[in-house]
Amino acid sequence: MVLKTIQLKSNAGLDSRAINQLVQVSSQFESDIYLTYNGHKVNCKSIMGVLSLAIPNNAEINLEASGSDDREALKKIIETIESFS
């Protein structure tokens, strides 16, 4: 299992376009991937789950991946999130 806390630096927070891209990237991996914000943990492969968090700009989010490709998955997801800024 790999855990990482990052700060979102996107002007719009995680909008629907960014969430769609995040879910597509997450779905490429076998590992279970979760995103936690404000005490709520959702599956990063679920559009509705991530949308329900309504993550604003400058939010601190926790990412968790566990499985055979967890390190690669988390690295790619962080790169994707950082590309939103």
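None of the values given here were measured: they were computed from a predicted structure.

S.K.: Got a minute to help me understand the packing of aromatic side chains in this structure?
M.R.: Counted under the stated rule, the structure contains zero aromatic pairs. Seen from the ring of Y34, K41 lies directly overhead, with NZ or CZ sitting 4.9 Å from the centre.

S.K.: Teacher, can you tell me more about the sheet that holds strand β3 (residues 40–43) here?
M.R.: Pairing between the strands of a sheet is mediated by backbone hydrogen bonds and can be parallel or antiparallel. Strand order in this open sheet of four strands is β1-β4-β2-β3, and the pairing throughout is antiparallel. Looking along the sheet, the strands with just one partner apiece sit at the ends: β1 (2–7) and β3. Averaged over all adjacent pairs, the angle separating strand axes in this sheet is 25°, with direction ignored. Sheet analysis places β1 next to strand β4 (residues 60–66), joined by six bridges and oriented antiparallel. Paired with V2 across the strands is A65, a residue of β4. Each of β1, β2 (32–37) and β4 is contacted by helix α3 (residues 70–82), which is oriented at about 150° to β4, the strand it contacts most.

Cut-offs used in this document
- Residues numbered from 1 in each chain as written.
- Predicted model: local features only at pLDDT ≥ 70, side-chain atom pairs only at ≥ 80, totals over all residues.
- Heavy atoms only, no water.
- Phe/Tyr/Trp six-rings, centres within 6.5 Å; stacked < 30°, edge-to-face > 60°.
- Lys NZ or Arg CZ within 6 Å of the ring centre and 35° of its normal.
- Pairing = 2+ DSSP bridges.
- Helix = DSSP H or I, 4+ residues; strand = E, 2+ residues; numbered from the N terminus.
- Axes fitted to C-alpha atoms, helices over the stretch in contact; angles between N-to-C directions.
- Contact = heavy atoms within 4.5 Å.

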